[in-house]
Amino acid sequence: ISFNSGISGEEVPFPEIIELNVGGQVYITRYSTLTSVPDSLLWEMFTQKSSKGLARDTKGRFFVDRDGFLFRYILDYMRDQQLVLPDHFPERGRLQREAEFFHLPELVKLLAPKLSKQNSLGDEGCQSDPEDASPGIDTARTLSSLGAAAACSSLMPSALDGKRSGFITIGYRGSYTLGRDSHTDAKFRRVARIMVCGKTSLAKEVFGETLNESRDPDRPPERYTSRYYLKFTFLEQAFDKLADAGFHMVACNSTGTCAFAHEQTDDKIWTSYTEYVFYRE
């Protein structure tokens, strides 16, 4: 794009400040930031002679159908070509996939698991206990020389000395149909989403890859959250996982309201919210 000091009849295709809608998350940044990495997807998008071919949302912002939460790290990288992630970052693999989509090969390399001579797992070797603080550089080098097994056993005393105690609350909103004769429909329990509340490290230990952390991706292991939910909708599957991890149900509660009544059949649609509290000593 060429800029002239005088008035030109040629329209500049992109302004200096650009608004983006990435997966529902709005970002405002400079044109120079979006075009800072040659041959990247954003560079290709915003170095066109015209912006007519780019998708926009209802408010005229440029739209990209990708993970809006992870895009913040893509944008941070494009500002100075450096990777800075929060401690105990759990979305490294997903962020690497986003970097591949945006054609950022150097960022993909930075996110790739590093392999060492002694420890084939590299700095990803002890992910099963994210609650423990990361060791310093000198400590990491010492542990690396001992091999993966020794490193993990040093970093995870809880795996040998016993599991942590704590509470996990499972909640869900469901609906059921109550007929004229007070007989419940066969589709008694329709569960849209199972929510998980509790300490981050406990939730990850129990549910692992079945835990969706997209609404609270940067929560440290020692902090608590009420924004996680499960990738499945079977309550019994959640109960099985909690039981396998040594948790027992100690309390539950539920509320229900009539949300809709059918005029012709008198059937009533009830909605409910239920919570189950589990504890492990």
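Criteria and thresholds
The residue numbers shown here count from 1 along each chain, following its written sequence. For a predicted model such as this one, the threshold for reporting local features is a pLDDT of at least 70, and the threshold for listing and counting side-chain atom pairs is 80 or more; totals across whole chains, interfaces and linings nevertheless cover every residue. To get the side-chain values, all heavy atoms of the structure are used, and hydrogens and water are removed first. Helix numbering and strand numbering both begin at the N terminus, where a helix is a DSSP run of H or I of at least 4 residues and a strand a DSSP run of E of at least 2. A simple rule labels every residue: compare its accessible area, found with a 1.4 Å probe on the protein chains alone, to the largest value its type can have, and call it buried under 20%, exposed over 50%, or partly exposed in between. Contacts are assigned to residue pairs that have any heavy atoms within 4.5 Å of one another. Each accessible area is a Shrake-Rupley result for a 1.4 Å probe, and residues are judged covered by the shown protein chains and nothing else. By convention a nonpolar core is built from buried Ala, Val, Leu, Ile, Met, Phe, Trp, Tyr and Cys residues, the set being connected through side-chain atoms within 4.5 Å. For two strands to be treated as a pair, DSSP must find no fewer than two bridges joining them. Here an angle of 0 to 180 degrees is reported between the N-to-C directions of two axes, which are lines fitted to C-alpha atoms, with helices fitted over the stretch in contact. The arc in question is formed by the directions pointing from the helix axis toward the C-beta atoms. Without a salt bridge and with relative accessible area above 30%, a residue can belong to a patch; like charges are then joined within 9 Å and nonpolar side chains (Val, Leu, Ile, Met, Phe, Trp, Tyr) within 5 Å. Whenever Lys or Arg places a side-chain nitrogen within 4 Å of a carboxyl oxygen from Asp or Glu, that contact is recorded as a salt bridge. Only the six-membered ring of Trp is used, alongside the rings of Phe and Tyr, when aromatic pairs are assigned; centres must lie within 6.5 Å, and planes under 30 degrees apart are stacked while those over 60 apart are edge-to-face, with the rest tilted. Geometrically, a lysine NZ or arginine CZ counts as sitting over a ring once it is within 6 Å of the ring centre and also within 35 degrees of the ring normal.

Regarding its fold elements, the chain presents ten helices and nine strands. For the chain, buried positions account for 37% of its 281 residues. Taking the contacts inside the chain whose residues are at least 6 apart along the sequence as the reference set, 62% of them involve residues at least 24 apart. Put simply, the chain shows about 17000 Å² of open surface, and 51% of that area lies on carbon and sulfur atoms.

This part is about the nonpolar core. Taken as a class, soluble globular proteins show a tendency for nonpolar side chains to be buried jointly. One finds Leu20, Phe46, Phe71 and Ile74 to be the most contacted residues of the largest nonpolar core, which totals 31 residues. Contributing elements (two or more residues each) for this core: strand 1 (17-22), helix 1 (31-34), helix 2 (41-46), strand 3 (62-64), helix 3 (71-80), helix 4 (92-101) and helix 5 (105-111). Counting residues per element, this core draws most heavily on helix 3, at six residues. Ignoring anything within four residues of it in the chain, the contact list for phenylalanine 71 reads Leu20, Val22, Tyr27, Leu42 and Phe102.

In this section: the sheet that holds strand 1. Read from one edge to the other, the open sheet built from three strands follows the order 2-1-3, with strand pairing classed as mixed. Because the sheet does not close on itself, it has two edges, and the strands there are strand 2 (25-30) and strand 3. When strand polarity is set aside, the average angle formed by the axes of neighbouring strands in this sheet is 30 degrees. Running at roughly 5 degrees to strand 2, helix 3 makes contact with strand 1 and strand 2 of the sheet.

Okay, helix 10 (residues 235-244) next. Residues of helix 10 that are buried include every one of Leu235, Ala238 and Leu242, and no others. The arc enclosing the buried residues of helix 10, seen along the axis, measures out at 65 degrees, which places them on a common side. Of the residues one or two after helix 10, glycine 246 is the one with positive phi, at around 90 degrees.

The next subject is a nonpolar patch on the surface. A cluster of nonpolar side chains, contributed by Ile17, Val26 and Ile28, occupies part of the molecular surface with about 270 Å² of accessible area. With respect to the helices and strands, isoleucine 17 occurs in strand 1. A residue is classified by how much of its surface remains accessible, and isoleucine 17, at 46% relative accessible area, is partly exposed.

One pass over the structure, following the stated rule, counts twelve aromatic pairs. Seen in terms of ring centroids, phenylalanine 239 and phenylalanine 278 are 5.5 Å apart; in terms of plane orientation they differ by 45 degrees. Their pairing is tilted. Placement of the pair is phenylalanine 239 in helix 10 and phenylalanine 278 in strand 9 (residues 268-280), with a sequence separation of 39 residues. Overall, the relative accessible area of 5% leaves phenylalanine 278 in the buried class. In this structure, arginine 66 packs its charged tip against the face of phenylalanine 101, placed 4.0 Å from the ring centre. Lying across the ring of tyrosine 229, arginine 193 places its NZ or CZ 3.9 Å from the centre.

What follows concerns helix 3. Of all the positions in helix 3, only Phe71, Tyr73, Ile74, Leu75, Tyr77 and Met78 are classed as buried. Residues of helix 3 that are buried sit in contact with strand 1, strand 2, helix 1, helix 2, helix 4 and helix 5. Looking one or two residues beyond helix 3, the residue adopting positive phi is glutamine 81, at roughly 60 degrees.

A separate point is unusual backbone geometry. Positive phi values are uncommon outside glycine, yet aspartate 39 reaches one of about 70 degrees. Take aspartate 39: it is sitting in the loop between helix 1 and helix 2. By relative accessible area, aspartate 39 is classed as exposed at 52%. Phi at histidine 103 is positive, roughly 60 degrees, even though this residue is not glycine. Within the secondary structure, histidine 103 is located in the loop between helix 4 and helix 5.

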